[in-house]
Amino acid sequence: EDESHIVMAVAESLIYGLKSGDTCIVAATRNHLKQIDSIVRTFIDGLDAATADGQYVPLEAAETLSTFMVDGMPDAARFSSSIGATVERAAKRPGRIRIFGELVCVLCSEGNVPAALALEDLWNGLQKKYPFSLFCAYSMSAMDSAVPSQMASVCAGHTNVIPAESYTLLRKSSERLRKIAVLQQKSRQLEAEVARLQQHISDPTRSFAT
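Worth saying up front: this structure is predicted, and the values here are computed from it rather than measured.

(A) Expanded view of the pattern of salt bridges. Counting across every chain of the model gives 6 salt bridges. Where Asp 22 meets Arg 98, a salt bridge forms, and the shortest distance between an N and an O atom there is 3.2 Å. Placement of Asp 22 in the loop between helix 1 (3-19) and strand 1 (23-28) and of Arg 98 in strand 5 (residues 97-101) is noted, with a sequence separation of 76 residues between them. No difference in accessibility class separates Asp 22 from Arg 98, as the two residues are buried. A salt bridge links Arg 93 to Asp 53, with the nearest nitrogen and oxygen atoms 3.0 Å apart. Of this pair, Arg 93 sits in the loop between helix 5 (76-91) and strand 5 while Asp 53 sits in helix 3 (residues 47-53), placing them 40 residues apart in sequence. Within this structure, Asp 22, Arg 96 and Arg 98 form a network of salt bridges that share partners.

Structure (structure tokens):
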């Protein structure tokens with residue numbers, strides 16, 4: 001919901017990872033890379049050295065996507081040559097591999113949800129070859145073009161799903177339950193509105209008021 005929330009979450013993950021000796025790969029927008037870099041440098045000395053050594057690998061999202069997208073969809077062979085090769089190099093280093101990626105979010109923000117789902121499948125396939133943890137980020141606004149079934153597919157493709165911060169920042173279980181109840185009510189209202197619209201489209205002679 002708020003870009004600053006995901007930037008801070010990624011920065012915290014990187015700080016912990018770099019201090020633990022993990023290899024950290026970040027595929028993010030140019031603006032987010034700058035913000036993340038600024039926060040991490042506050043807590044990590046020698047970030048430039050870590051970058052030169054391959055422990056920290058920042059990748060600009062649009063440039064990275066251009067290396068494996070073909071006709072609006074990710075190409076498996078090119079993905080392997082691009083992202084796969086990067087992960088392979090990281091696998092040769094000591095320690096674990098942690099990756100943050102918002103390539104999928106960029107695709108969704110462009111209205112290309114099918115490509116994002118295909119890219120998730122490629123990430124999952126790569127994870128079977130190399131052990132790494134993958135932290136994906138989807139902004140709520142980027143998912144505006146997604147239908148419920150697509151959102152469900154996104155969630156199903158991940159081991160864990162973290163809701164937006166308006167939910168996760170609620171500390172008490174009672175507050176979270178109230179939030180869920182409100183969201184469920186809004187969902188039912190939306191479904192009813194969609195049903196009314198579909199009925200009007202199928203029978204335009206019926207009167208309709210908003």
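(B) A look at the sheet that holds strand 1. Pairing is parallel across the open sheet formed by 4 strands, whose spatial order is 2-1-5-6. Of all strands in the sheet, those bounded by a partner on one side alone are strand 2 (56-60) and strand 6 (133-136). Strand-to-strand twist of the sheet, defined as the mean angle between neighbouring strand axes without regard to direction, takes the value 10 degrees. Pairing of strand 1 with strand 2 involves 5 bridges; the strand directions are parallel.

(C) View of helix 2 (residues 30-43). For helix 2, built from 14 residues, the straight-helix expectation of 20 Å at 1.5 Å per residue is met to within 8% by its first-to-last C-alpha distance of 21 Å. Restricting attention to buried positions, one finds in helix 2 the residues His 32, Leu 33, Ile 36 and Val 40. Buried residues of helix 2, seen end-on, are gathered within an arc of 95 degrees and therefore sit on one face of the element. Exposed side of helix 2, more than 90 degrees from the buried face: Lys 34 and Thr 42 are the residues found there. Looking at the buried positions of helix 2, the neighbouring elements they touch are helix 1, strand 1, helix 3 and strand 2.

(D) Unusual backbone geometry, seen in detail. One non-glycine residue with positive phi stands out, namely Asp 71, at about 55 degrees. Mapped onto the secondary structure, Asp 71 falls in the loop between strand 3 (69-70) and strand 4 (73-74). Judged by its relative accessible area of 80%, Asp 71 falls in the exposed class.

Reading the values: rules and limits
Residues numbered from 1 in each chain as written. Predicted model: local features only at pLDDT ≥ 70, side-chain atom pairs only at ≥ 80, totals over all residues. Heavy atoms only, no water. Salt bridge = Lys/Arg side-chain N within 4 Å of Asp/Glu carboxyl O. Helix = DSSP H or I, 4+ residues; strand = E, 2+ residues; numbered from the N terminus. Buried < 20%, exposed > 50% of the residue type's maximum accessible area, 1.4 Å probe, protein only. Pairing = 2+ DSSP bridges. Axes fitted to C-alpha atoms, helices over the stretch in contact; angles between N-to-C directions. Expected span 1.5 Å × (residues − 1). Arc of directions from axis to C-beta. Contact = heavy atoms within 4.5 Å.

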